[in-house]
Amino acid sequence: AKRVDHYGRAEGHCIVVSHTPVKSKTTPSGRDFYAEIKLETDSDSWSSGMDMGFTLLEPEVVGRANEQGLCWADFPDTWVFRGDGMLRINGRAYPPGAMPGQCAMMEGWNTAALEWGDTCGLQIRNGGSEIVGYQNGKEVGCLKLDEMIKVPTDRELYLICDVIGRAGEVEILEVDVP
């Protein structure tokens, strides 16, 4: 997917969602999922990074909700990391009561640092209670989720990404679960 207007378009005008569910495998701790993208072009005009995560919503549902531009609050059942690693659930960066006294942040996650050709991946593991970030095949962070906000692993998940910030064009890669 490619953002065509790097300079004049606000965020949310280049949403990418995988057309098929992301890969999964059964492990002793439950069902794990993994998705990865490759940055095909980047822009030095921006300093922020793209948003990336998982959704239970099928691509058609995402498309109908994104006709006028993205509002993460319009996407229920969605877990997305901002470029700086802050988790948004159903559009909220600070889910009420989910993590008292703190925001949900994956230390080490920084999509603004990605350059042309770099890869970025997310893995759901341990029964949906952990989201692990990867950049160029290396684990860069892990966020442990409270029971109230963990990702359901009994349904299919889709990769969702807002191609904003330094990202100009991304490709969803066909990968196996690590």
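Our structure is the block above this text.
If you're wondering where the values come from, they're calculated on a predicted model, not measured in any experiment. (Residues numbered from 1 in each chain as written. Predicted model: local features only at pLDDT ≥ 70, side-chain atom pairs only at ≥ 80, totals over all residues. Heavy atoms only, no water.)

> If you had to explain the overall build of the chain to someone new, which residues and values would you point to?
Counting its secondary structure elements, the chain contains one helix and eleven strands. Along the chain, helices (α) and strands (β) appear in the sequence β-β-β-β-α-β-β-β-β-β-β-β when read from the amino end. Out of the 178 residues in the chain, the part that is buried amounts to 51%. Excluding contacts between residues fewer than 6 apart, the proportion of contacts in the chain whose partners are at least 24 apart in sequence is 69%. In the form shown here, the chain has an accessible surface area of approximately 8500 Å², with 48% of it arising from carbon and sulfur atoms. (Helix = DSSP H or I, 4+ residues; strand = E, 2+ residues; numbered from the N terminus. Buried < 20%, exposed > 50% of the residue type's maximum accessible area, 1.4 Å probe, protein only. Contact = heavy atoms within 4.5 Å. Areas by Shrake-Rupley, 256 points an atom, 1.4 Å probe, with all protein chains shown as cover.)

> An account of the sheet that holds strand β6 (residues 87-89) is requested, with residue identities and associated values reported.
Taken together, five strands build an open sheet; the order of strands is β1-β10-β4-β5-β6 and the sheet is antiparallel. Two strands lie at the open edges of the sheet, namely β1 (15-17) and β6, each paired on one side alone. Pairs of neighbouring strands in the sheet enclose a mean axial angle of 20°, with direction left out of account. Two elements, β1 and strand β10 (residues 158-162), share three bridges in a ladder whose sense is antiparallel. Residue pairing in the sheet places Val-17 in a bridge with Ile-160 of β10. (Pairing = 2+ DSSP bridges. Axes fitted to C-alpha atoms, helices over the stretch in contact; angles between N-to-C directions.)

> Account for the pairing of strand β4 (residues 51-55), naming residues and giving values.
Burial of β4 is extensive: five of the five residues sit out of reach of the surface. Side-chain alternation along β4 places Asp-51, Gly-53 and Thr-55 on one buried face and Met-52 and Phe-54 on a second face that is also buried. Two strands pair when backbone bridges link them, and β4 and β10 are joined in this way by five bridges, in the antiparallel orientation. Residue pairing for β10: Gly-53 is matched across the bridge by Ile-160. Judged from the four bridges that link them, β4 and strand β5 (residues 78-81) form a sheet pairing that is antiparallel. From the neighbouring strand, Phe-54 faces β5, where its bridge partner is Trp-79.

> If you had to explain the side chain of Thr-55 to someone new, which residues and values would you point to?
Take Thr-55: it is sitting in strand β4. Thr-55 sits in the buried class, given a relative accessible area of 0%. At a separation of 3.4 Å, a polar atom in the side chain of Thr-55 contacts the main-chain carbonyl oxygen of Asp-77. A polar atom in the side chain of Thr-55 sits 2.8 Å from the side chain of Thr-78. If we ignore the near neighbours within four places in the chain, the residues touching Thr-55 are Val-17, Val-62, Pro-76, Asp-77, Thr-78, Glu-156, Leu-157, Tyr-158 and Ile-160. (Polar contact = N/O pair within 3.5 Å; in protein donor to acceptor, adjacent residues only side chain to side chain.)

> Describe unusual backbone geometry, and please don't skip the residues or the numbers.
Residue Asp-77 is not a glycine yet carries a positive backbone phi of 55°. Structurally, Asp-77 is set in the loop between α1 (59-65) and β5. The phi dihedral of Asn-126 is positive, around 55°, even though this residue is not glycine. Within the element layout of this structure, Asn-126 appears in the loop between β7 (119-125) and β8 (130-135).

> Break down the environment of Thr-27 for me, with residues and values.
Mapped onto the elements, Thr-27 comes out in strand β2 (residues 23-27). Expressed as a C-alpha distance, the spacing of Thr-27 and Gly-127, which sit 100 residues apart in the sequence, is 9.1 Å.

> Which residues make up the pairing of β10, and what values do they have?
Most of β10 sits out of view: five of its five residues are buried. Residues of β10 alternate between two faces, with Tyr-158, Ile-160 and Asp-162 on one and Leu-159 and Cys-161 on the opposite face, all of them buried.

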